[in-house]
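Listed below are the residues making up each chain.
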Amino acid sequence: MGKENDIQWHLGFCAAMELELREYADRLEFHREYPLSRKPLLIDLLVVEKTGDFEIANDIGQIFQKHNIMEYKSENDSLNEDTYFKVMAYAYLYKSSEKYVGDIDINSITITLVRERKPEKLLRWFKENSYKVYEKTSGIYYIEKDGFIKTQVVVTAEVGEKEHIFLKTLKRGLKRSTVDDFLDKAFEMHEPFEKDCINSLLGIMVSSNQELFDSIKNGGTGIMNDVLREFFKEEIKANEEQAMNRGWKKGMEKGMVEGMEKGMEKGMEKGMEKGMEKGMAKGIEKGREEGRIETLYTDCNMSVSDIAKKVSKSEDYVKEIIKKISAACL
């Protein structure tokens, strides 16, 4: 239960929706956990249209009016008629919270309820209580009744992955293909607010799919996407520093032995002291270099070409060292 409570699903949802509607970022305002009163009564996400002279092509935003209240439920949360009336209460409190009477027209408010699984009981309750329920587009259900605020239910398991990849990442048991699609899309984004949202989503994705991301970082799929490298840059930096330290230690040990051997050989001819000094220095340097290559290859899962760039050596040289390392393990 502790780990479940540590995952900030709602923050991930807010980030996903901001990315969903990123094309309209200059025309929409996003208020996370919007306070309705002095007490801790918060709307998950309030989306306010700055002007009314544009249309939103994104099918989740097509229902939007001036003021749009969004409620997100994670996979273990219930979404039922009580949830609906709670959010309706939020809407009426929001309408009454303005300074002047009539500042907010009740017809300019919409409600969006979002959950990964389809809330079958809630949709059935709407029908049994004379609401009109119909699927506007795949996974998006409109709820209509005279005198009630316009409402939609978004089922993220049913919406298209291509159109709504960010919302599709808000779950456990992610597929590698979904992560790859997310990373490809994220790689194209460069605005600061987009990168902040990407990092928020990645934090949720990693926390709720730890094994998958461990396999991506350490597994056999090759070099990580640049988006992931940026997200894990501190971890990668720490690994490289450890690699340097291990390489130095290995180089010292190996260099001591090789240096003494070479030093003794040269010392017989040109003097023990000078030969040992030169041999030890050369052995330490070579051992440190080989140790670093070994660690980058085995611990950091880097390719031969990336390692060659990292240590400023040719790919043939790196291949030779890796071949020697592999032979030593047999």
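Given the structure is predicted, the values throughout are model-derived calculations rather than measurements.

S.K.: Explain the pattern of salt bridges to me, please; I cannot follow it from the model alone.
M.R.: Pairing is possible between side chains of opposite charge, provided their charged atoms come close. Under the counting rule described, the total for this entry stands at six salt bridges. With its nearest N and O atoms 3.4 Å apart, the salt bridge here joins lysine 73 to glutamate 71. The exposure classification of lysine 73 matches that of glutamate 71, with both residues buried. For glutamate 71, a relative accessible area of 4% corresponds to the buried category.

S.K.: Would you explain the nonpolar core in this entry?
M.R.: Note on soluble globular proteins: their nonpolar side chains tend to be buried together. Formed by 45 residues in total, the largest nonpolar core has its most connected members in Phe13, Met70, Phe166, Phe182 and Leu201. Put simply, the parts of the chain that give this core at least two residues each are helix H2 (9-20), strand E2 (42-49), strand E3 (67-73), strand E6 (140-144), helix H5 (165-168), helix H6 (176-187), helix H7 (192-208) and helix H8 (210-218). Those residues in contact with leucine 201 that sit more than four places away from it in its chain are Gly12, Ala15, Ala16, Leu19, Phe166, Thr169, Leu170 and Phe182. Ranked by size, the runner-up nonpolar core spans 26 residues in total, among them Ile43, Tyr84, Ile111 and Val153.

S.K.: Can you help me understand H7 in this one?
M.R.: What sets the pattern is the α-helix's 3.6 residues per turn: residues three or four places apart point alike. In a regular helix each residue adds 1.5 Å, so 17 residues correspond to 24 Å; H7 covers 25 Å between its end C-alpha atoms and thus fits that length. The complete set of buried residues in H7 reads Glu194, Cys197, Ile198, Leu201, Leu202, Ile204, Met205, Val206 and Ser208.

S.K.: Sorry, what's going on with the sheet that holds E2 here?
M.R.: In a beta sheet, neighbouring strands pair by backbone hydrogen bonds and run either parallel or antiparallel. Pairing is mixed in the open sheet, where seven strands are placed in the order E1-E2-E3-E4-E7-E6-E5. Both edges of this open sheet fall to strand E1 (28-35) and strand E5 (132-137), since each of them pairs with a single strand only. Across this sheet, the average inter-strand angle for adjacent strands is 25°, counted without regard to direction. Contacting E1, E2, E3, strand E4 (109-115) and strand E7 (150-155), helix H3 (residues 81-96) crosses the sheet at an angle of about 150° to E3.

S.K.: Which parts of the structure should I look at to understand helix H11 (residues 304-311)?
M.R.: Listed as buried for H11 are Ile307, Ala308 and Val311. For H11, the angular spread of buried residues about the axis comes to 100°, placing them on one side.

S.K.: What am I meant to see in the packing of H6 against H7 here?
M.R.: Angle between the axes and distance between the axes are the two parameters that describe a pair of packed helices. Relative to each other, H6 and H7 sit at 165°, their axes nearing to 12 Å. With respect to H7, the element H6 is oriented roughly antiparallel. Taken as a pair, H6 and H7 cross one another with a handedness that is left-handed. Contacts between H6 and H7 pair Val179, Phe182 and Ala186 from the former with Ile198, Leu201, Leu202 and Met205 from the latter. Of the residues assigned to the contact of H6 with H7, the class counts are seven nonpolar, no polar and no charged.

S.K.: Just checking my understanding: could you explain the environment of leucine 19 for this structure?
M.R.: In this fold, leucine 19 is placed in helix H2. Linking leucine 19 and phenylalanine 166, residues 147 residues apart in sequence, is a C-alpha distance of 7.0 Å. Apart from the residues lying within four places of it in its own chain, the contact partners of leucine 19 are Phe166, Met189, Glu194, Cys197, Ile198 and Leu201.

Criteria and thresholds
Residues numbered from 1 in each chain as written. Predicted model: local features only at pLDDT ≥ 70, side-chain atom pairs only at ≥ 80, totals over all residues. Heavy atoms only, no water. Salt bridge = Lys/Arg side-chain N within 4 Å of Asp/Glu carboxyl O. Buried < 20%, exposed > 50% of the residue type's maximum accessible area, 1.4 Å probe, protein only. Core = buried A, V, L, I, M, F, W, Y, C linked by side-chain atoms within 4.5 Å. Helix = DSSP H or I, 4+ residues; strand = E, 2+ residues; numbered from the N terminus. Contact = heavy atoms within 4.5 Å. Expected span 1.5 Å × (residues − 1). Pairing = 2+ DSSP bridges. Axes fitted to C-alpha atoms, helices over the stretch in contact; angles between N-to-C directions. Arc of directions from axis to C-beta. Parallel < 35°, antiparallel > 145°, perpendicular 65-115°, else oblique. Left-handed = near helix turned anticlockwise from the far one by under 90°. Nonpolar A, V, L, I, M, F, W, Y, C, P; charged D, E, K, R; others polar.

Don't take any of this as a statement about function, it's just geometry.
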